[in-house]
Amino acid sequence: MKFSILVPAYNEEHSISTCLNSLCNLTNDSKEIIVIDDASTDQTPQIVENFSGKNVILIKREKNGGRAAALNSGLEQAKGDIIITTDADTIVPANWLQLFATHFQSQDVVAAGGAYQAQNKTNPLVHATSILDQILNGMFKKSLIPNKLSGVNSAIRKKALLDIGGFNEDAWWSEDSEAAWKLQRIGKIIYDPENIVHTLYPETWAGIWNRKYYWGYAMGLKFRERLPFNLKLWIRPLLFMTFFISFVASFLTAPYDLSLFLIPFLIFLLVFSSLTIFSVPFGTIIMLKNKEPNKVKTLSALAVLPLIREFAYVYGMGFGFLKGKSSAISPSWKRKTD
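Moving on: the confidence of the model for the protein. Residues with a pLDDT of 70 or more make up 89% of the protein, whose mean pLDDT is 85. With pLDDT under 50 throughout, residues 334-338 is counted as low confidence; its partners more than four residues away or in other chains account for 19 contacts.

Let's shift gears to helix H7 (residues 175-183). Counting buried positions along H7 yields eight of nine residues, so the element is predominantly enclosed. What H7 keeps buried is the set Glu 175, Asp 176, Ser 177, Glu 178, Ala 179, Ala 180, Trp 181 and Leu 183.

The tally for this structure, following the rule as stated, stands at ten aromatic pairs. Ring centres of Trp 209 and Phe 311 lie 5.5 Å apart, and the angle between their planes is 50°; on these two criteria the pair is classed as tilted. Here Trp 209 is found in helix H8 (residues 205-224), whereas its partner Phe 311 is found in helix H12 (residues 296-323), with 102 residues between them in sequence. Phe 311 sits in the partly exposed class, given a relative accessible area of 37%. Here the aromatic cluster, defined as three or more aromatic residues joined through ring pairs, consists of Trp 209, Tyr 213, Tyr 214, Tyr 217, Phe 311, Tyr 315 and Phe 319. The aromatic ring of Tyr 201 is capped on one face by Arg 211, whose charged end is 5.0 Å from the ring centroid.

Turning our attention to unusual backbone geometry. The phi torsion at Asn 11 lies on the positive side, around 55°, for a residue other than glycine. With a phi close to 60°, Asn 55 is a non-glycine residue in the positive phi region. Among the secondary structure elements, Asn 55 is positioned in the loop between helix H2 (44-49) and strand S3 (56-60).

As a further point, take the environment of Ile 285. One can find Ile 285 in helix H11 (residues 279-289). Looking at Ile 285, the relative accessible area reads 46%, which means it is partly exposed. Residues Ile 285 and Ile 135, 150 residues apart in the sequence, show an inter-C-alpha distance of 9.9 Å.

On the basis of which strands lie adjacent, the open sheet formed by eight strands has the order S3-S2-S1-S4-S7-S6-S8-S5 and mixed pairing. Looking along the sheet, the strands with just one partner apiece sit at the ends: S3 and strand S5 (90-91). Pairing of strand S1 (residues 3-9) with strand S2 (residues 31-37) involves seven bridges; the strand directions are parallel. Of the residues in S2, the one forming a bridge with Ala 9 is Asp 37. In this fold helix H1 (residues 16-24) packs onto S1, S2, S3 and S5, with an angle of close to 165° to the strand it touches most, S2.

With that out of the way, let us pick up the pairing of strand S7 (residues 154-157). Side chains Ser 154 and Ile 156 of S7 all project onto a buried face; the interleaved residues Ala 155 and Arg 157 project onto the opposite face, where all are buried too. As judged from the four bridges shared by strand S4 (residues 82-85) and S7, these two strands associate in the antiparallel manner. Within the sheet, the bridge partner assigned to Ile 83 lies in S7 and is Ile 156. One ladder, built from three bridges, connects strand S6 (residues 109-118) with S7; its direction is antiparallel.

Note on placement: Thr 129 falls in helix H5 (residues 124-139). Within the structure, Thr 129 has its side chain in polar contact with the backbone oxygen of Leu 125 (distance 2.8 Å).

Summed over all chains, the structure comprises seven salt bridges. Of the charged contacts, one joins Lys 182 and Glu 178 as a salt bridge, the two residues approaching to 3.5 Å between their closest N and O atoms. You can see Lys 182 and its partner Glu 178 sitting in helix H7, four residues apart, about one turn around the helix. Taken together, the shared-partner salt bridges in this structure form one network comprising Arg 67, Asp 87 and Glu 175.

Cut-offs applied
- Residues numbered from 1 in each chain as written.
- Predicted model: local features only at pLDDT ≥ 70, side-chain atom pairs only at ≥ 80, totals over all residues.
- Heavy atoms only, no water.
- pLDDT = per-residue confidence, 0-100.
- Contact = heavy atoms within 4.5 Å.
- Buried < 20%, exposed > 50% of the residue type's maximum accessible area, 1.4 Å probe, protein only.
- Helix = DSSP H or I, 4+ residues; strand = E, 2+ residues; numbered from the N terminus.
- Phe/Tyr/Trp six-rings, centres within 6.5 Å; stacked < 30°, edge-to-face > 60°.
- Lys NZ or Arg CZ within 6 Å of the ring centre and 35° of its normal.
- Pairing = 2+ DSSP bridges.
- Axes fitted to C-alpha atoms, helices over the stretch in contact; angles between N-to-C directions.
- Polar contact = N/O pair within 3.5 Å; in protein donor to acceptor, adjacent residues only side chain to side chain.
- Salt bridge = Lys/Arg side-chain N within 4 Å of Asp/Glu carboxyl O.

So this is what it looks like as structure tokens:
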């Protein structure tokens, strides 16, 4: 079993060396590392060329086309049986390929995805964001999230990926989700919460908002295309709409009748607790498990973070559904939201 690791990159001069060092230190020798430079305007391609002696292959694209287009350029030259994708600002564990290999012993498995945590978690907001992802991706094992394949940590059989036509270059921020939806029709997808990579997170509220907004926008575009019904796709927007409607209803009924006010207010409290209050005790458990100090700033951010992220996601989803056209949007890269 040979692995082809695809690393799409656009203006990643500050992080690409760390990423490639971790990939070159992988204990499995049956691999090739392919970096696809998507017409960077910084020193990214020159830095990658310094790793040519470590069997790192550089593909230079003449025109910036976005992450999916870069991945497809790498797929065309990949020789491995398994295609692995990650980001240029990500560090992987030394046994990364072994963790993936165990899942592909079964021929029914067409893809496997792993979890991710923050590299830069000395920032309290980043730390809180990383903990929230650990709650959703680790403790709940993505049961509330329809996509098991994160672009930063996933492996796909090359044949299966070619069968679905590669990555959709018009998906705009959701090429990993779309690939997963297509792949699950032809085989089994595994999610492994113990397979963890570390990547850079946005360090400001604006960066967090933008990233979730764009992910929601991309999902709104998918709804606009009328994808087959999937209950998990509706959980988050319905939960937030229930939260918003119950809040407005309780506010409007409060001056008139206590009995009318009480029902929407209790619904509001229930949804609010599911979005926000649960994150603090779960976050504390994770911090104690990881032997991290109980930082007040981190827990304070964690108390409001789910609400902000879900609002940005649903807000973006609404815009994507109501007015979005993928052909009118330029491909975006993650670091542009930081």
